[in-house]
Amino acid sequence: MAEIRLQHLAHSYSAHPSGPEDYAIREMDHIWEQGGAYALLGPSGCGKSTLLNIISGLLSPSHGQVLFDGKVVNDLPPEQRNIAQVFQFPVVYDTMTVFDNLAFPLRNQGKSPEQVQARVQEVAEVLDLQRLLQRKARNLSADEKQKVSMGRGLVRDDVSAILFDEPLTVIDPHLKWKLRRKLKQIHEQFNITMVYVTHDQLEASTFADKIAVMYGGQIVQFGTPRELFERPAHTFVGYFIGSPGMNLVDVQPERGGVGFGGIHVPLSEALQARIAQGGWQRLQIGIRPEFIRVWDDTFEAALHSERVHLEDLGTYKILTLLLGGQTFKVRLPEDRVVPEGTVFISFPAQWLMVYADDRLLEVNP
Ligand code: ADP
Ligand code: MG
């Protein structure tokens, strides 16, 4: 088991990168603590596999270091890093039985037949593979093969970490849920550092205690699912996480706060002071659909918006509003009645975020 530390890490697939766009990983520092259950979440092409392959040693980074428990491992080949990696598509020996596939990493380590037997049984049980142990891998279905692949990752007890690269892509939807729970159990049982790559926010938050959100070759936020939801550090996190994503609107600074389309949004003195420092190209406010308050009656500070659309999604409703020429989505309980025409809303200060060039403006309380 190990802490994995990335120092000044960057990677370009191009031999002569000419700018930041040529980097699949832009310079980053990051720590995966020993024993953590982590997800690496981001859209296709953002650099997730590149990052995993650098950690496991399949890829050598253009810049920076990878450290396991404080020791630089850049020059160690994958076999010597003690990392198990499970890929998107199954990697199994077709001509071997399931048992031999699972036993392979253990026999390589010189484990005794008794040890091999015991451990293979244990892992087969966890993954529900017992009745397939004597079958040749080539006769398995795609998701059975992937379970064998995962088993090969889990079977060794000396690994520093297990890296999963979208391992459930080929798995049947009803099995996905089961396997994700299995992985979580395995993590709790063995306390191994696990990094689970996915582009699915639900998958990330059911597996991980902490999620690293990746965008454009960078980790833009590392936090608990709740932190990502309540205080997105980057507009991308606001947009990517949540259903629907955060409302984001371009604003201009004005006396007492910010404004857009003739609408004034008051901000705290501290935020106004931060904004007055200036020095960026773009200023936005962000508020999640769950956090916009809808009032039955007007009051002095109420914003007068116009109802555009109300969509009933069974367990909740999505209300679409127009305010200052901008569209806002509001997520409401299913029993909430919304008037036609003008809707009185407010943005609770606690949930109203301000972004400068896509980064959250923080103020020290
Ligand atoms: P993800 O796993 O998040 O989908 P990848 O790490 O596979 O992203 O890719 C990140 C970026 O690097 C993408 O722009 C992709 O096109 C590029 N890339 C990935 N692998 C290679 C490669 N072998 N050669 C050149 N470019 C690559
Ligand atoms: Mg990938």
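Residues numbered from 1 in each chain as written. Chains lettered and ligands numbered in written order. Predicted model: local features only at pLDDT ≥ 70, side-chain atom pairs only at ≥ 80, totals over all residues. Heavy atoms only, no water.

S.K.: Before we move on, can you summarise unusual backbone geometry with the specific residues and values?
M.R.: A negative phi angle characterises most non-glycine residues, just as the trans form characterises most peptide bonds. In this structure, the amide linkage connecting Ser-243 to the following residue, Pro-244, adopts the cis form with an omega of -5°. Mapped onto the fold, Pro-244 is located in the loop between helix H8 (235–240) and strand S11 (247–250). Positive phi outside glycine occurs at Asn-82, with the angle close to 55°. With a phi angle near 65°, Asp-128 is a residue other than glycine that sits in the positive phi range. (Helix = DSSP H or I, 4+ residues; strand = E, 2+ residues; numbered from the N terminus.)

S.K.: Any chance you could break down the pairing of strand S9 (residues 210–215) for me, citing the residues and the numbers?
M.R.: Of the strand pairs in this sheet, strand S3 (residues 37–41) and S9 are connected by 4 bridges, and their pairing is parallel. Within S9, the residue paired with Leu-41 across the bridge is Val-213. Bridging between S9 and strand S10 (residues 218–223) involves 5 bridges; their strand directions are antiparallel. The partner of Tyr-215 across the bridge, within S10, is Gln-218. Where S9 folds back on S10, the antiparallel hairpin that results is connected by 2 residues, among which Gly-216 adopts a positive phi of roughly 55°. (Pairing = 2+ DSSP bridges.)

S.K.: Explain the layout of surface pockets residue by residue, including any values.
M.R.: Estimates place the volume of the largest pocket at around 670 Å³. Considering the residues around the largest pocket, the lining is formed by 20 residues, among which Ile-83, Ala-84, Gln-85, Arg-152 and Arg-156 are closest to the centre. Contributing elements (two or more residues each) for the lining of the largest pocket: strand S6 (83–86), helix H2 (98–108) and helix H4 (142–154). No other element matches S6, which puts 4 residues into the lining of the largest pocket. (1 Å grid on protein atoms, 1.4 Å probe; cavity = no way out; pocket = protein on both sides within 12 Å on 5 of 7 lines; lining within 4 Å. Points joined across faces, edges and corners; volume = space filled by probe spheres on them.)

S.K.: Explain the site of ligand 1 residue by residue, including any values.
M.R.: Every residue lining ligand 1 is accounted for by Tyr-13, Ala-24, Pro-43, Ser-44, Gly-45, Cys-46, Gly-47, Lys-48, Ser-49 and Thr-50. A distance of 2.9 Å separates an oxygen atom of ligand 1 from a polar atom in the side chain of Ser-49. When the free accessible area of ligand 1 is taken as 560 Å², the share hidden by the protein chains comes to 53%. Residue composition of the shell around ligand 1, grouped by class: 4 nonpolar, 5 polar and 1 charged. (Near = heavy atom within 4 Å. Polar contact = N/O pair within 3.5 Å; in protein donor to acceptor, adjacent residues only side chain to side chain. Areas by Shrake-Rupley, 256 points an atom, 1.4 Å probe, with all protein chains shown as cover. Nonpolar A, V, L, I, M, F, W, Y, C, P; charged D, E, K, R; others polar.)

S.K.: Got a sec to walk through the nonpolar core? Specific residues and values, please.
M.R.: Counting 49 residues, the largest nonpolar core has Leu-102, Val-120, Ile-162, Phe-164, Ile-211 and Val-213 as its most contacted members. Ile-211 has contacts with Ala-39, Leu-41, Ala-204, Ser-205, Gln-221, Phe-222, Gly-223, Pro-225 and Leu-228, leaving out every residue within four places of it along the chain. Counting residues in each nonpolar core, the second largest holds 31 residues, with Leu-283, Leu-323, Ile-345 and Leu-352 among its members. (Core = buried A, V, L, I, M, F, W, Y, C linked by side-chain atoms within 4.5 Å. Buried < 20%, exposed > 50% of the residue type's maximum accessible area, 1.4 Å probe, protein only. Contact = heavy atoms within 4.5 Å.)

S.K.: Explain the domain arrangement of the protein chain to me, and be specific about the residues and the numbers.
M.R.: Each assigned domain of the protein chain is listed with its residue range as follows: domain 1 (4–240) and domain 2 (247–360). The centre of domain 1, based on its C-alpha atoms, is set 39 Å off from the matching centre of domain 2. At the junction of the two partners, domain 1 supplies 13 residues and domain 2 supplies 11 residues. With both chains or domains summed, domain 1 and domain 2 bury close to 1,100 Å², and 54% of this area falls on carbon and sulfur atoms. The largest contributions to the domain 1 side of the interface with domain 2 come from Phe-229, Glu-230 and Thr-235, which together make up 48% of the buried area. Applying the counting criterion to the domain 1 and domain 2 interface returns 0 salt bridges. For the side of domain 1 that touches domain 2, the secondary-structure elements that each account for two or more residues are S10, helix H7 (225–230) and H8. (Domains from an automatic or database assignment. Buried area = accessible area lost by both parts, 1.4 Å probe. Salt bridge = Lys/Arg side-chain N within 4 Å of Asp/Glu carboxyl O.)

S.K.: Describe the side chain of Ser-346, and please don't skip the residues or the numbers.
M.R.: Position of Ser-346 relative to the elements: it lies in strand S20 (residues 342–346). Of note is the side chain of Ser-346, whose polar atom sits 2.8 Å from the side chain of Trp-295. In this structure Ser-346 touches Ile-292, Arg-293, Trp-295 and Phe-299, once residues within four positions along its chain are discounted.

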